[in-house]
Amino acid sequence: MQICQHLAQAQDPAPRTPQGCEECLAAGDRWVHLRKCLSCGHIGCCDSSPNKHATAHATVIGHPVIASFEPGEDWRWCYVDKIIG
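Predicted, not measured: the structure shown is a model, and the values here were computed from it.

Draft legend 1. Representation of the overall build of the protein. In terms of helices and strands, the protein carries three helices and five strands. With the C-alpha coordinates of the protein rotated into their principal frame, the extents come out at 40 × 25 × 20 Å. Expressed as a percentage of the 85 residues in the protein, the buried residues total 38%. Contacts spanning at least 24 positions in sequence make up 49% of the contacts within the protein whose residues lie at least 6 apart. Considering the protein, the positive charge centre built from 7 side chains and the negative charge centre built from 9 side chains are found 2 Å apart.

Next up, the structure:
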């Protein structure tokens, strides 16, 4: 499996809002699945969620790698290289 530099250098920061998507919690919205930014610990909702906050965070802030924040899932995604790790 190919691995990119972003995935290789990704950290594992503490989640900022372990109870759910940071923006959805503030707005009273719901989400489908959660993703954690491996640069800052932002918790955002996935692209199957109406608001797609994880991708919005990566796009606006520029943090390249997320990880699933779902129990039992262990994968990461690089937005820059479009590769799973």
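Draft legend 2. Representation of the pairing of strand 3 (residues 65-68). Neither face of strand 3 is left uncovered, since the one carrying Val65 and Ala67 and the one carrying Ile66 and Ser68 both have all their residues buried. The sheet contact formed by strand 1 (residues 34-37) and strand 3 spans three bridges and is antiparallel. Residue pairing in the sheet places Cys37 in a bridge with Ile66 of strand 3.

Draft legend 3. Local environment of helix 3 (residues 53-61). Turning to helix 3, its buried residues number three or more, namely His53, Ala54, His57 and Ala58. Projected down its long axis, helix 3 shows its buried positions confined to an angular sector of 140°, all on one face. When the buried face of helix 3 is taken as reference, the exposed residues oriented beyond 90 degrees from it are Thr59 and Val60. If you follow the buried residues of helix 3, they end up packed against helix 2 (22-27), strand 1 and strand 2 (43-45). Two residues or fewer past helix 3, Gly62 is found with a positive phi of approximately 90°.

Draft legend 4. Quick peek at unusual backbone geometry. Even without being glycine, Lys52 reaches a positive phi, approximately 50°. Checked against the element boundaries, Lys52 lands in the loop between strand 2 and helix 3. Of note, the phi angle at Lys82 is positive, near 50°, even though the residue is not glycine. Take Lys82: its relative accessible area is 62%, and that puts it in the exposed class.

Draft legend 5. Structural context of the nonpolar core. Core analysis: the largest hydrophobic core is formed by seven residues, namely Cys4, Leu7, Leu38, Val65, Ala67, Cys78 and Ile83. Each residue touching Leu38, except ones within four places of it in the same chain, is listed here: Ala10, Gln11, Asp12, Pro13, Val65, Ile66, Ala67 and Arg76. With five residues, the next largest nonpolar core counts Cys24, Leu34, Ile43 and Cys45 among its residues.

Draft legend 6. Summary view of the sheet that holds strand 1. Across the sheet, which stays open at both edges, the five strands sit in the order 2-1-3-4-5 with antiparallel pairing between neighbours. Pairing within the sheet leaves two strands with one partner each, and these edge strands are strand 2 and strand 5 (83-84). The strands touched by helix 3 are strand 1 and strand 2; relative to strand 2, the strand with the most contacts, the crossing angle is about 120°.

What counts as what
Residues numbered from 1 in each chain as written. Predicted model: local features only at pLDDT ≥ 70, side-chain atom pairs only at ≥ 80, totals over all residues. Heavy atoms only, no water. Helix = DSSP H or I, 4+ residues; strand = E, 2+ residues; numbered from the N terminus. Buried < 20%, exposed > 50% of the residue type's maximum accessible area, 1.4 Å probe, protein only. Contact = heavy atoms within 4.5 Å. Lys, Arg positive; Asp, Glu negative; His and termini not counted. Charge placed at Lys NZ, Arg CZ, Asp CG, Glu CD. Pairing = 2+ DSSP bridges. Arc of directions from axis to C-beta. Core = buried A, V, L, I, M, F, W, Y, C linked by side-chain atoms within 4.5 Å. Axes fitted to C-alpha atoms, helices over the stretch in contact; angles between N-to-C directions.

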